[in-house]
Amino acid sequence: MASLKAALGASLAAARTLSPLLGCRPPPALCSTSAAAHGAAMEPAPRWLAGLRFDNRALRALPVETPPPDPEGAATAPRLVPGACFSRVRPSPLRQPRLVALSEPALALLGLGAPPADAAAREAREAEAALFFSGNALLPGAEPAAHCYCGHQFGQFAGQLGDGAAMYLGEVCTEAGERWELQLKGAGPTPFSRQADGRKVLRSSIREFLCSEAMFHLGVPSTRAGACVTSQSTVVRDVFYDGNPKPEPCAVVLRIAPTFLRFGSFEIFKPEDEDTGRAGPSVGRNDIRVQMLDYAIGTFYPEIQAAHAGDPVQRNAAFFREVTRRTARLVAEWQCVGFCHGVLNTDNMSIVGLTIDYGPFGFLDRYDPDHVCNASDNAGRYAYSKQPEVCKWNLQKLAEALQPELPLEVGEAILAEEYDTEFRRHHLHKMRRKLGLVQAEREEDAALAAKLLETMQLTGADFTNTFRLLSSCPAGPGPVDLAEFLTALTEQCASLEELRLAFRPQMDPRQLSMMLMLAQSNPQLFALMGTRAGITRELERVEQQSRLQQLSPAELLSRNRGHWADWLREYRARLEKDRDAAGDADAWQAEHVRVMHANNPRYVLRNYIAQNAIEAAENGDFSEVRRVLKLLEAPYQREGEAAEVPEVPEAPEAAGPEGAGSAAERRRSYSSKPPLWAAELCVT
């Protein structure tokens, strides 16, 4: 420890010290004495991070389990944690932590200033970030704890889950009166790690780090990521669950949010589930449910607390109503940027309406409403088009978890009244903005948007690029030659090669034949195997592949141009009505283009972009992660607003997916359609 302190002191000699922050308004209560506080004297003293002021309200307001004493390791031993919302833990040190990247906009939320110009000071700042954001040292006032929650996973109640790889550090209060919870994800085992090691690897950490920030800058409510730290420590992972495990570097992400409470936080009281036989660890503890509601509403919905202070049922109903509305709007935002979450379990749903827990997520490339980004989701439960309905199902489970403090019939009535209406309203509002309709809504707008998505599906159009391209659609009065614009649109459609790859059968023909025979001879057994949806999709792929084999590139192009010409006629007619309603055609045109550019991103975190950054980082080069991060901070960037978009650097040939082609093929603009090899990327 002495050598660690000496090394830190030398590396931080040039680091600037922030002036003390004033804390929350109103001033926060003093932090409670904790095990972390008692051990603070043994921790290295921060310099750059010294101004962070912790006030850990959650640990005062909610019950905290004190870990069992002795033997060593008992605190993190897997166990049920009844009667508590948190359990005290301690991050496990990593060997030689090294900073991958910092998100300056996210860290600014905490009152941390911009990086210094001096190279030595920047280096000291990065060394301090690596030390404290890896969990190798604790900041003064931090009280690490793991949160206990349950969840329905893929539709089945899984019992106790909890923070198996994440740790609450505490809540930072800023001069602006804001309160931010800090988490370290990947900091080591907790009582909720089950048989796992509590670690996250570099590839998944980079994905979460980049996507958290990408979503925020897209305007989608999201938890934030302030730092990503890697190390020389390794863990063994079987990436594709195919019996080929390999060691991978451990990494930690600093996550930032008002709270990481989720729907599953309220499921710890669930009695034994009739299907799975599992129960929450705190069955019968309605007193804790009341505490949680008091804390969540009083802290994150103070206006609801103030309006219904004397009527807890009305207060809880207003809380559930607002969570329902926020969730509906959140999913509408996802659909409008083509985001697929991948694991929409109840334990991955935020009570304040944020995108939370980035795992096997993905952004749509070719528009396919049935796209499943998680290779482990064999039944397609969390497909892109199913996200709105799944989130409604999750809200139903939250309503069940809130009873008796919110009568179930009241919660169900709120859900029926609010969710679908709010989702459709917000989705149409966003789609109208994406189409540049800036005047009053018309009855045909929803049908126009639906037909656009249908056309995109029929032509295999790139989701992000097609919407962006529509901002250059000729919108003037009178006849216009659309040939050039149609050519640009069809260039964003899937080629014959792309389609044949996308609809390539996944099963051996003999296996498919056997499954079909089983379905006929023993339908009960076939149903029990739960493979009906997969077989149906496989038959569709076989049929589509057969049609594609008979199609020529020229026929595909002609068909695509026809589909787009039909839709463009309707779109231009609707634009003409919008322009006429404005009166001033020039002012309308300027606003039309401005709104489209502000709602249709040029850049999203496509899987292949993340993969190139991961491969470079695994080889010790973090520049691509930092480059992509800066790009994603301005996703709506217009032509000419900044320097030309840099190209993705070459990745080692051996690191690319099989069939990835030459390094030159891997190097393309961040806003281009993805290369063919990107379709081979598998995220679980």
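Reading the values: the criteria
- Residues numbered from 1 in each chain as written.
- Predicted model: local features only at pLDDT ≥ 70, side-chain atom pairs only at ≥ 80, totals over all residues.
- Heavy atoms only, no water.
- UniProt positions renumbered as here; feature names shortened; annotations may be inferred.
- Core = buried A, V, L, I, M, F, W, Y, C linked by side-chain atoms within 4.5 Å.
- Buried < 20%, exposed > 50% of the residue type's maximum accessible area, 1.4 Å probe, protein only.
- Contact = heavy atoms within 4.5 Å.
- Phe/Tyr/Trp six-rings, centres within 6.5 Å; stacked < 30°, edge-to-face > 60°.
- Helix = DSSP H or I, 4+ residues; strand = E, 2+ residues; numbered from the N terminus.
- Lys NZ or Arg CZ within 6 Å of the ring centre and 35° of its normal.
- Salt bridge = Lys/Arg side-chain N within 4 Å of Asp/Glu carboxyl O.
- pLDDT = per-residue confidence, 0-100.
- Pairing = 2+ DSSP bridges.
- Expected span 1.5 Å × (residues − 1).
- Arc of directions from axis to C-beta.
- Polar contact = N/O pair within 3.5 Å; in protein donor to acceptor, adjacent residues only side chain to side chain.
- Axes fitted to C-alpha atoms, helices over the stretch in contact; angles between N-to-C directions.
- Parallel < 35°, antiparallel > 145°, perpendicular 65-115°, else oblique.
- Left-handed = near helix turned anticlockwise from the far one by under 90°.
- Nonpolar A, V, L, I, M, F, W, Y, C, P; charged D, E, K, R; others polar.
- Lys, Arg positive; Asp, Glu negative; His and termini not counted.

Going by the annotation in an unreviewed UniProt entry, the name recorded for the protein chain is Selenoprotein O, with Phyllostomus discolor given as the source organism. Its UniProt record gives the protein chain a comment under Cofactor (unreviewed entry), which states: "Mg(2+)". Entered under Sequence similarities (unreviewed entry) in the UniProt record, the comment concerning the protein chain runs "Belongs to the SELO family."

**Q** Sorry, what's going on with the nonpolar core here?
**A** The tendency in soluble globular proteins is for nonpolar side chains to be buried as a group. Formed by 135 residues in total, the largest nonpolar core has its most connected members in Phe133 and Leu605. Those residues within four positions of Phe133 in sequence are excluded, and the remaining contacts are Trp48, Leu49, Leu102, Leu107, Leu184, Ala227, Val229, Val252 and Leu254. Tyr384, Ala461, Cys473 and Leu568 belong to the second-largest nonpolar core, a separate cluster that totals 33 residues.

**Q** Whenever I open this one, the packing of aromatic side chains confuses me. Can you help?
**A** Between two aromatic rings, the relevant description is the distance of the centres plus the angle of the planes. Summed over all chains, the structure comprises 16 aromatic pairs. Summarising the aromatic geometry, the rings of Tyr608 and Trp677 are spaced 6.1 Å apart at their centres and angled 90 degrees between planes, so their arrangement reads as edge-to-face. Of this pair, Tyr608 sits in helix α21 (residues 607–618) while Trp677 sits in the segment after α23 (663–666); the two residues are 69 residues apart in sequence, bridging distant segments of the chain. Considered together, Tyr608 and Trp677 belong to a single accessibility category, that of buried residues. An aromatic cluster is defined as three or more aromatic residues linked by ring pairs; in this entry it consists of Trp334, Phe339, Tyr358, Phe361 and Phe363. Above the plane of the ring of Phe361 lies Arg207, whose end atom (NZ or CZ) is 4.1 Å from the centre. Between the NZ or CZ atom of Arg579 and the centre of the ring of Trp588, over which it lies, the distance is 5.8 Å.

**Q** Before we go on, may I ask you to explain the pattern of salt bridges in this structure?
**A** When the charged atoms of two side chains with opposite charge come close together, those side chains can pair. Inspection of every chain in the model, using the stated rule, returns 44 salt bridges. Between Arg179 and Glu171 there is a salt bridge; the shortest N-O distance is 3.1 Å. Here Arg179 and Glu171 have matching classes, each one buried.

**Q** Got a minute to help me understand the confidence of the model for the protein chain in this structure?
**A** Note: predicted coordinates in regions of low pLDDT should not be interpreted at a detailed level. For the protein chain, the mean per-residue pLDDT works out to 89, and 88% of the residues sit at or above 70. Contacts from residues 1–41, a stretch scored under 50 in pLDDT, to residues over four places away or in other chains number 71 contacts. Low pLDDT, under 50, characterises residues 642–667; the stretch is placed with 46 contacts to residues that sit more than four places away or in other chains.

**Q** When you look at the pairing of strand β12 (residues 246–257) in this model, what are you seeing that I'm missing?
**A** Among the twelve residues in β12, nine count as buried, and that is most of the element. In this structure, strand β9 (residues 179–185) lies alongside β12, joined through five bridges in antiparallel fashion. Across the sheet, Gln183 pairs through a bridge with Arg255, a residue of β12. Relative to β12, strand β10 (residues 200–201) runs antiparallel, the two being bridged by two bridges. Its bridge partner being in β12, Val201 is matched across the sheet by Cys250. Here strand β11 (residues 224–237) runs beside β12; their pairing, made up of ten bridges, is antiparallel. Each bridged residue has a counterpart across the sheet, and for Val229 the counterpart in β12 is Val252.

**Q** Help me out: how do you make sense of the pairing of strand β7 (residues 156–160) in this one?
**A** A regular strand places its side chains on the two faces of the sheet in alternate fashion. Within β7, four of the five residues are buried, leaving the element largely enclosed by the surrounding structure. Looking at chain direction, strand β6 (residues 150–153) and β7 are connected through three bridges and run antiparallel. What sits directly across from Cys150, in β7, is Gln160. In sequence, β6 turns back onto β7 through a hairpin of two residues, with Phe154 there showing a positive phi of about 50 degrees.

**Q** I tried to follow the environment of Val480 on my own but got confused; where do I start?
**A** Of note, Val480 is situated in the loop between α13 (463–470) and α14 (483–491). In this structure Val480 touches Pro474 and Arg572, once residues within four positions along its chain are discounted.

**Q** Got a minute to help me understand helix α10 (residues 387–402) in this structure?
**A** Counting along an α-helix, one turn takes 3.6 residues, and residues three or four places apart therefore face a common direction. If you check α10, its first and last C-alpha atoms are 23 Å apart, about what 16 residues at 1.5 Å a residue would give, namely 22 Å. In terms of burial, α10 is largely enclosed, as 13 of its 16 residues are buried.

**Q** Hey, could you run me through helix α16 (residues 509–521) in this one?
**A** Along its 13 residues, α16 runs 18 Å from first to last C-alpha, staying within 8% of the 18 Å computed at 1.5 Å per residue. Here α16 has its buried residues at Leu512, Met515 and Leu518. The buried residues of α16 occupy an angular sector of 120 degrees when projected down its axis, which confines them to one face. Residues of α16 that are exposed and angled more than 90 degrees away from the buried face: Pro509, Arg510, Met514, Met517, Gln520 and Ser521. A side-chain oxygen of the first residue of α16 lies 2.8 Å from the backbone nitrogen of Arg510; this N-cap is Asp508.

**Q** Just checking my understanding: could you explain the packing of helix α19 (residues 553–582) against helix α20 (residues 585–599) for this structure?
**A** Axes are the key here: two packed helices are described by the angle between their axes and the distance separating the axes. Packing of α19 against α20 brings their axes to within 9 Å, and their N-to-C directions diverge by 125 degrees. One way to sum up the angle between α19 and α20 is to call them oblique. Considering how the two elements wind past one another, α19 and α20 form a crossing that is right-handed. Along the contact surface, α19 presents Tyr571, Leu575, Asp578, Arg579 and Ala582, while α20 presents Ala585, Trp588, His592 and Met596. In terms of residue class, the contact of α19 with α20 is made up of six nonpolar, one polar and two charged.

**Q** Looking at this structure, how should I read the side chain of Asp377?
**A** As for its placement among the helices and strands, Asp377 is situated in the loop between β14 (362–363) and α10. Arg537 is the oppositely charged side chain nearest to the buried, salt-bridge-free Asp377, at an N-O distance of 6.9 Å. Only 3.0 Å separates the side chain of Asp377 from the backbone nitrogen of Arg381, close enough to count as a polar contact. Not counting residues up to four positions away in its chain, the partners in contact with Asp377 are Phe154, Val372, Tyr382 and Ala383.

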